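So the chains spell out like this:
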Amino acid sequence: MAALAGPVVFTNGVFDVLHRGHVTYLAQARALGGSLVVALNTDASARRLGKGPDRPLNAQQDRAIVIAALEAVSLVTWFDEDTPVELLAELKPQVYVKGGDYDMAKLAETRLVEGYGGRALAIPFVDGYSTTQLVRRIRQA
Ligand SMILES: Nc1ncnc2c1ncn2[C@@H]1O[C@H](COP(=O)(O)OP(=O)(O)OP(=O)(O)O)[C@@H](O)[C@H]1O
Ligand SMILES: O=P(O)(O)O[C@@H]1O[C@H]([C@H](O)CO)[C@@H](O)[C@H](O)[C@@H]1O
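Residues numbered from 1 in each chain as written. Chains lettered and ligands numbered in written order. Predicted model: local features only at pLDDT ≥ 70, side-chain atom pairs only at ≥ 80, totals over all residues. Heavy atoms only, no water.

### Quick notes on the site of ligand 2
Short version of the rule: Think of it this way: one heavy atom of a residue within 4 Å of a molecule or strand is enough to make that residue near it. As used in this structure description, the phrase polar contact means that two N or O atoms lie within 3.5 Å; if the pair is within protein, one of them must be able to donate a hydrogen and the other to accept it, and residues adjacent in sequence are counted only when both atoms belong to side chains. Each accessible area value is a Shrake-Rupley result obtained with a 1.4 Å probe; residue values ignore everything except the protein chains displayed when judging cover. Lining residues are those with an atom within 4 Å of a point, where the points come from a 1 Å grid over the protein atoms alone and group into cavities, where a 1.4 Å probe fits but cannot get out, or pockets, open sets with protein on both sides within 12 Å along at least five of seven lines. Those molecules having more than half of their atoms within 2 Å of a cavity or pocket grid point set are described as sitting in that cavity or pocket. Secondary structure follows DSSP: runs of H or I at least 4 residues long count as helices, runs of E at least 2 residues long count as strands, and numbering of each begins at the N terminus.
What surrounds ligand 2 is a group of 15 residues, the closest being Asn41, Lys51, Asp82, Tyr102 and Glu109. Tyr102 places a polar side-chain atom, nitrogen or oxygen, 2.7 Å from an oxygen atom of ligand 2. Glu109 places a side-chain nitrogen or oxygen 2.6 Å from an oxygen atom of ligand 2. When ligand 2 sits alone it has 420 Å² of accessible area, and the protein chains cover 85% of it. More than half of the atoms of ligand 2 fall within 2 Å of the grid points belonging to the largest pocket. Broken down by secondary-structure element, the contributors of at least two residues to the shell around ligand 2 are β1 (8-13) and β4 (95-99).

The structure is reproduced here in structure tokens:
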């Protein structure tokens, strides 16, 4: 496999049902560097996040195929833990990003990445787009 172009940007999440907020977010993340790595929670890890008894709705292989099809995304990987901290410690990307629904100052990921000289940034949240809201609306229809 060809080496990833630097600086490598890394993000993580469930990305269960893709929406415009995700696409905007991933495009902005990719623009911060030369390549974008997306680490998905495995199904077991996603279930432990408490998003709902039937979440994730899409299985990990299906979520990976959808995310990998996006132009912004260079590589998709997995993590089975509760946070991506172990994977970050192994990969040591130059840039770590999450959406503006997170306070970066409170994340263990930020402490780790800044500890080895990387940057941790939040990408502005696009209001009105969330998988949980979408699933709720579909169920009420
Ligand atoms: N509307 C949005 N604007 C910008 N970033 C977003 C938005 N929604 C999610 N993100 C970011 O995308 C990543 C994956 O988020 P996630 O899969 O939890 O989406 P979600 O829509 O918030 O899902 P859920 O409602 O199930 O929690 C996270 O880093 C999150 O910060
Ligand atoms: O899709 P989500 O719920 O935004 O992704 C979560 O992000 C958490 C974040 O990195 C703070 O630790 C992570 O811990 C969790 O496993 C999900 O990936």
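### Let's talk about the pairing of strand β5 (residues 119-123)
Put simply, the rule is: When DSSP finds two or more bridges between a pair of strands, those strands are recorded as paired. By convention a crossover is right-handed if, when the strands point away from the viewer, the path from the first strand over the helix to the second runs clockwise.
Examined bridge by bridge, β4 and β5 share 5 bridges and lie parallel to one another. What sits directly across from Lys98, in β5, is Ala122. The parallel pair β4 and β5 is bridged by helix α5 (residues 108-115), and the resulting crossover is right-handed.

### Considerations on the UniProt feature "domain: Cytidyltransferase-like" (unreviewed entry) in the protein
The criterion, for reference: UniProt positions are given in the numbering used here, feature names are shortened, and annotations may be inferred rather than shown by experiment.
What UniProt calls "domain: Cytidyltransferase-like" (unreviewed entry) maps, in this numbering, to residues 10-122. From the first C-alpha to the last, residues 10-122 spans 12 Å; its make-up is 35% helix and 22% strand.

### Quick notes on the site of ligand 1
Around ligand 1, 20 residues are found, and the nearest of them are Lys51, Arg55, Asp101, Thr131 and Thr132. Here an oxygen atom of ligand 1 sits 3.0 Å away from a polar atom, N or O, in the side chain of Lys98. Within the side chain of Asp101, an N or O atom sits 2.6 Å from an oxygen atom of ligand 1. Within the complex, the protein chains bury 93% of what would otherwise be the 600 Å² of accessible surface of ligand 1. Among the detected pockets, ligand 1 sits in the largest pocket.

### Here we look at the layout of surface pockets
As a reminder, the rule being used: Grid points are joined across faces, edges and corners, and a volume is the space filled by probe spheres set on the points. Residues are grouped as follows: Ala, Val, Leu, Ile, Met, Phe, Trp, Tyr, Cys and Pro are nonpolar; Asp, Glu, Lys and Arg are charged; all remaining types, including Gly, are polar.
Counted as a void, the largest pocket has a volume near 740 Å³. Within the residue set of the lining of the largest pocket, elements represented by two or more residues are β1, α1 (20-30), β4 and α6 (131-140). In terms of residue class, the lining of the largest pocket is made up of 14 nonpolar, 12 polar and 7 charged.

### Brief notes about the sheet that holds strand β3 (residues 75-79)
Note the following rule: Working convention: axes come from line fits to C-alpha atoms, limited for helices to the stretch in contact. Angles between N-to-C directions cover 0 to 180 degrees. Residues are treated as being in contact if the distance between any of their heavy atoms lies within 4.5 Å.
Judged by pairing direction, the sheet is parallel, and its 5 strands sit side by side in the order β3-β2-β1-β4-β5 without closing on themselves. Single-partner strands in this sheet number two, and they are β3 and β5. The mean angle between the axes of side-by-side strands here comes to 30 degrees, regardless of whether they run parallel or antiparallel. Inspection of the sheet shows β1 paired to β4 by 2 bridges, in the parallel sense. When the sheet's bridge partners are listed, Val9 is paired in β4 with Val95. Lying on the sheet, α1 is in contact with β1, β2 (35-41), β4 and β5; it crosses β2 at an angle near 135 degrees.

### Some points on α5
The cut-off we apply is this: Each residue is assigned to one of three classes by its accessible area relative to the maximum for its type, calculated with a 1.4 Å probe on protein chains only: buried under 20%, partly exposed between the two thresholds, exposed over 50%. For this quantity, the arc is that covered by the directions from the helix axis to the C-beta atoms.
Those residues of α5 that sit buried are Glu109, Thr110 and Val113. An end-on view of α5 places all buried positions within 95 degrees of arc, on one side of the element. Looking at α5, the residues exposed on the side facing more than 90 degrees away from the buried face are Arg111 and Gly115. Its buried side turned inward, α5 meets α4 (85-91), β4 and β5. Taken from the residues just after α5, Gly117 is the one with a positive phi, measuring 95 degrees.

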